[in-house]
Amino acid sequence: MKTLLLDVNPENPDPAKIQAAARIIQAGGLVAFPTETVYGLGADALNAKAVQALFEAKKRPLDNPPIVHVADPKDVSPLIKEMPKKAKVLMEQFWPGPLTLIFKRSNIVPSVTVAGLDTIAIRMPKHKVALALIRQTQRPIAAPSANLAGKPSPTTAQHVYEDLDGRIDAILDGGPTTIGVESSVIDLSVEPPMLLRPGGTPFEALKEVLCNLRLHPFVQAEQELPLDKIRSPGMKHKHYAPKAQVVLVEGSMPAVIEKIRFLAQSRRQKGEKVGILATDETQHAYKAQADVVRSLGSRFNLATVAQSLFRLLREVDAQNVDVIIAEGVPSEGLGLAVMNRLRKASGYHIVKVQ
Ligand code: TXA
Ligand code: MG
């Protein structure tokens, strides 16, 4: 399959290109497109065959359902059993935006789209290209992140191309995404509601609207959860893993720096190539100890850290390092999503220091 590349202006996409992409999806094909969080790989959510092909293209396990994207809150009702009051409030406050809600699903949704579950994950993205594509298609679009399963999510069209060239019909290239981590996922089908995945909408902001919102234990897990605790299929699969081993060092700043220097030095003595993911405030401390040092951004601006996280995991990995040692950041605001992704990327290889 030849993958078609379509450049679009992220603020004002060319209608002809959106139309071409929409026709592909209407015909059961697969199109990657930018959202404000990461690139998604879109298929007609109501076409079981197309969704099946989506799983195959990504090599995604069939038990892990994608998020269904809509262009208008009104398009949710046909997909769900009932609209909880809480959902209305959240949608008014946070849509369009990086928030996904889990509802009890209706029967028009094919079983493959929800991986056989009786619930469905829905969000309305805040990106002109994504919204134009969904509107033009006139269908809800199932779109998991447009990476090969297990890899870091794509924040540029180039990342999508690296993973999926020849496996999908087209990529709409609207430049790098702004948020950089995926949407926050809230399960409203349980009481109290649970945050299943921290993401682009901070937990603190969600709690202001939904006071009894709980963090699922998985959000801050520091080891694999037992299977009976799993609420979201995505929780049990390998995630965000570069080729290199990832080691995450968490703790107070001076101790983290000292530990990373020590770990990097001892790895190099064993002949390994070492990459370090640091921050603006600390990167200077590692220059002599590692082969590749990159800064995620300032520790005082966790939005920039989130924005560059997946890109830098890919870039450092591309240098063929044996290990990537990453610095932990505070678990507040977007830092909660960053730490969740880093812990998973490390396969819970976490070193704690005082
Ligand atoms: O920002 C995002 O959410 C991006 C962009 C493309 O919109 N999409 C994304 O989709 O990250 P995906 O498929 O990579 O992640 C969806 C997550 C998975 O962890 C999945 O297990 C969970 O949502 N999920 C989907 N349906 C669910 C359901 N019915 N119940 C619980 N979790 C569900
Ligand atoms: Mg994903």
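Everything below is about the structure printed above this text.
Scope of this entry: the structure provided in the associated data block. Residue positions are given per chain, counting from 1 as you read along its sequence in written order. Chains and ligands are labelled sequentially in the order written, the chains with letters from A and the ligands with numbers from 1. Note on the predicted model: pLDDT of at least 70 is required for a residue's local features to be given, and 80 or more for side-chain atom pairs to be given and counted; whole-chain, interface and lining totals, by contrast, use all residues. As a convention, hydrogens and water are excluded, and side-chain values are obtained from all of the structure's heavy atoms.

Focus on the overall build of the protein chain
Secondary structure elements are taken from DSSP: a helix is a run of H or I of four residues or more, a strand is a run of E of two residues or more, and numbering for both begins at the N terminus. A count of helices and strands for the protein chain gives nine helices and 16 strands. For the radius of gyration, the atom set is restricted to C-alpha positions; the globular benchmark scales as 2.2 Å times the number of residues to the power 0.38. Relative to the globule expectation of 20 Å for 354 residues, the C-alpha radius of gyration of the protein chain, 20 Å, shows essentially globular dimensions. Relative accessible area decides the class of each residue, using a 1.4 Å probe on protein chains only: under 20% of the type maximum gives buried, over 50% gives exposed, and in between gives partly exposed. A burial count over the protein chain gives 58% of its 354 residues as buried. Any two residues whose heavy atoms approach within 4.5 Å are treated as being in contact. If you take every contact in the protein chain between residues at least 6 apart in sequence, the share linking residues at least 24 apart comes to 67%.

Examining the nonpolar core
Definition used in this section: a nonpolar core is a set of buried Ala, Val, Leu, Ile, Met, Phe, Trp, Tyr and Cys residues joined via side-chain atoms within 4.5 Å. Membership of the largest hydrophobic core comes to 66 residues, with the highest contact counts inside it found for L101, L172 and I186. With residues near it in sequence (within four places) discarded, L172 still touches L6, V8, K17, I18, A21, V31, A32, F33, P34, Y39, V129 and L133. Residues V38, V181, L296 and A345 belong to the second largest nonpolar core, which totals 40 residues.

Side note on the side chain of T137
Structurally, T137 can be placed in helix 4 (residues 128-137). Once you skip the residues sitting within four places of it in the chain, T137 turns out to touch A22, I25 and Q26.

Looking at the packing of helix 1 (residues 15-26) against helix 4
Fitted lines through C-alpha atoms serve as axes, helices being fitted only where they are in contact, and the angles separating the N-to-C directions of these axes extend from 0 to 180 degrees. Two elements in contact, helix 1 and helix 4, have axes whose closest approach is 9 Å; the angle formed by their N-to-C orientations is 55°. It follows from the interaxial angle that helix 1 and helix 4 lie oblique. Like other packed secondary-structure pairs, helix 1 and helix 4 cross with a definite hand, here right-handed. Taken together, the residues of helix 4 that come into contact with helix 1 (itself represented by I18, Q19, A21, A22, I25 and Q26) are V129, A132, L133, Q136 and T137. Classification used: nonpolar for Ala, Val, Leu, Ile, Met, Phe, Trp, Tyr, Cys and Pro, charged for Asp, Glu, Lys and Arg, polar for all others including Gly. When the residues that make up the contact of helix 1 with helix 4 are grouped by side-chain class, the tally is seven nonpolar, four polar and no charged. Roughly parallel means an angle under 35 degrees; roughly antiparallel, over 145; roughly perpendicular, 65 to 115; everything else is oblique. When the near helix sits turned anticlockwise from the far one by under a right angle, the crossing is termed left-handed; a clockwise turn instead gives a right-handed crossing.

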